[in-house]
Amino acid sequence: MVLKRSAARHNVWMGWAYLAVSLVGAWFTFNAYRPTRRWQLLTLSFFAGWFTSELAVFHIAWQVVATVLFVWLGALESWAGIVGLVISLSSWAGLLGLQLVSGRSAGVMEEALREGLGPDYRSEIAPGLAERLARRVSRRHLLLPFYLRDRRVERVKNIQYAPGGGRRHLLDVWRPKRGAHRAPVLLQLHGGAWMVGDKGQQALPLMLHLAAEGWVCVAANYRLSPRVSIPDQLIDCKLTIRWIRDHIAEYGGDPDFVVVTGGSAGGHLAALLALTPNDPEFQPGFEDADTSVAACVPLYGVYDLAEVFDPQDRAGPRGERIGHWFARKVAGATVEEDRDRFVKFSPISHVGPHAPPFFVVHGKSDNLVPVEQARRFVAALREVSRKPVLYAEIPGASHAFEVFHSVRTENVVNGVDRFLAWLHSAHRARRPDVPADPVDPQSAAAAARERR
């Protein structure tokens, strides 16, 4: 009798424990669909939604394992355990829905390419480039989302890009191990709210993918707030462009074809860099350097600083104080104190006919930088730009969705790859001196000898 009572109490406790675990799992699922923008829960909601939406299958796996364990321990012998099972089954259905939504990103990217470049844009991609384009999502990447290496790519670390520069004036070069010659160049600018971040942390799936295909990628650090304030970060990015013009040929890159990309704060800097080419105000001491770029691919970027730092967007006095603190750290003032400063350093204030081609990518479920910013920025660009302006609004995507491998990451990377291949094909058509294959002929010959 005593043993039966003890077993019953055990089952009741297991049931309640399983119910608690199932509620936690369900919250992760719900939050991925409806992330909050309230500042009190913003960081927690972002990280939880980010990992859940990008790794939905892995969340199903851990919840299934937890369910099997609790069932074995007798959780279903109590009503709480049965309720927990019903909640878990609903959560799994929601997670499966997230996975299906992430697969729609391939069609969204292709639709953006067709709308912006024309329905027959693929036929305009040079044969040598078209053959390299990915045909499907890599299974290895989906099974190992955090394995961010490629044996076909080498990384040259910590190159100083500014004379007498500090420890933040460093960049890395990612290039094909087989060598490169006059290869197209991608400049990646990391995000991190202008206050944190590093060149080796973000956009690795994109850079590894492109470098394996023959691109030379440059990832640069820049000085961070509060040690400096905007526009010092932009000046550092332009110094990086100057270094690329002067030195990238030594690493196999083509200084005449440079595309800039970045996410979040890096997206802000990438767009601002692309829209202020050769502006002497942002090039003190190197006014004569050519800092123009062939195109810009900002991801979940910030395009209107005045709106982002506006305290009216933060509920309550404490949220307003946090907004003021953040603004002073990044820009040296609040919006109320110096609105013109925030407007001046916003990409949306610099759109014009001079804009290079843009491919703006933003997550529809982004709760850090609302998608409405991207929509307004694209609309402003399309009103005046003479070059293509593409826009992909990725369903179910949170902020920083392409930092590690996932179905959505691979689809976005493949879409950006097609855009860049189209751009470089047009560049090659105008410049017959650019080689059809960026692989270094001497390196290719040496690799062929080794194979024999």
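Check the entry above for the structure.
Let us look at the structure shown here. Quick caveat: nothing in here was measured; it's all calculated off a predicted structure.

Criteria and thresholds
Residues numbered from 1 in each chain as written. Predicted model: local features only at pLDDT ≥ 70, side-chain atom pairs only at ≥ 80, totals over all residues. Heavy atoms only, no water. Phe/Tyr/Trp six-rings, centres within 6.5 Å; stacked < 30°, edge-to-face > 60°. Helix = DSSP H or I, 4+ residues; strand = E, 2+ residues; numbered from the N terminus. Buried < 20%, exposed > 50% of the residue type's maximum accessible area, 1.4 Å probe, protein only. Contact = heavy atoms within 4.5 Å. Pairing = 2+ DSSP bridges. Axes fitted to C-alpha atoms, helices over the stretch in contact; angles between N-to-C directions. Core = buried A, V, L, I, M, F, W, Y, C linked by side-chain atoms within 4.5 Å. Parallel < 35°, antiparallel > 145°, perpendicular 65-115°, else oblique. Nonpolar A, V, L, I, M, F, W, Y, C, P; charged D, E, K, R; others polar. Salt bridge = Lys/Arg side-chain N within 4 Å of Asp/Glu carboxyl O.

**Details of the packing of aromatic side chains**
In this description, an aromatic ring pair is defined by two values, namely the gap between the centres and the angle between the planes.
Here's step 1: The final tally for this structure, using the stated rule, is 20 aromatic pairs.
Here's step 2: With 5.5 Å between their ring centres and 55° between their planes, F309 and F342 make a pair best called tilted. Remark: F342 occurs in helix α13 (residues 339–344) and F309 occurs in the loop between α11 (305–308) and α12 (316–331); sequence separation between them is 33 residues. Accessibility classification places F309 together with F342 in one group, the buried group.
Here's step 3: Clustering of aromatic rings is evident, with ring pairs tying together F46, F47, W50, F51, F146 and F404.

**Remarks on the side chain of T261**
Here's step 1: Checked against the element boundaries, T261 lands in strand β5 (residues 253–263).
Here's step 2: Look past the residues within four positions of T261 in its chain and what remains in contact with it is L186, L187, Q188, L189, L206, A270, V297 and L299.

**Focus on the sheet that holds strand β7 (residues 358–363)**
Here's step 1: Strand order in this open sheet of eight strands is β1-β2-β4-β3-β5-β6-β7-β8, and the pairing throughout is mixed. Either end of the sheet is taken by a strand with one partner, and the two such strands are β1 (153–160) and β8 (389–394). Averaged over all adjacent pairs, the angle separating strand axes in this sheet is 20°, with direction ignored.
Here's step 2: Inspection of the sheet shows β1 paired to strand β2 (residues 170–176) by six bridges, in the antiparallel sense. In the strand pairing of β2, V156 is matched with V173.
Here's step 3: Across the sheet, helix α5 (residues 105–117) lies against β7 and β8, angled at about 165° from β8, the strand it touches most.
Here's step 4: Helix α15 (residues 407–430) contacts β3 (183–189), β5, β6 (295–299), β7 and β8 of the sheet and is inclined by roughly 150° relative to β5.

**Re the nonpolar core**
Most often, soluble globular proteins keep nonpolar side chains buried together rather than apart.
Here's step 1: W194, W243, F309 and F358 are the most contacted members of the largest nonpolar core, which has 65 residues in total.
Here's step 2: Considering every element that reaches this core, the biggest residue donor is helix α10 (residues 265–275), with eight residues.
Here's step 3: Not counting the four nearest positions on each side in its chain, W194 is found in contact with L224, S225, I230, Q233, A265, H268, L269, V302, L305, F309, F326 and V330.
Here's step 4: Residues L117, L208, A212 and V361 belong to the second largest nonpolar core, which totals 50 residues.

**What to know about the packing of helix α4 (residues 79–103) against α15**
Here's step 1: Running from N to C, α4 and α15 point in directions that differ by 5°, and their axes come no closer than 8 Å. Classified by the angle between their axes, α4 and α15 sit roughly parallel to one another. In contact with L98, Q99, V101, S102 and G103 of α4, α15 contributes V407, R408 and N411.
Here's step 2: Tallied by class, residues from the contact of α4 with α15 come to three nonpolar, four polar and one charged.

**Some thoughts on the pattern of salt bridges**
Here's step 1: Scanning the entire structure with this criterion turns up 16 salt bridges.
Here's step 2: Salt-bridge contacts for E54 lead to R408; the nearest nitrogen and oxygen are separated by 2.4 Å. Of this pair, E54 sits in helix α2 (residues 42–54) while R408 sits in helix α15; the two residues are 354 residues apart in sequence, bridging distant segments of the chain. Of the two residues, E54 and R408, neither departs from the other in class, the shared state being buried.
Here's step 3: Here the salt bridges share partners, and the residues they tie into one network are E110, R114, R122 and R418.

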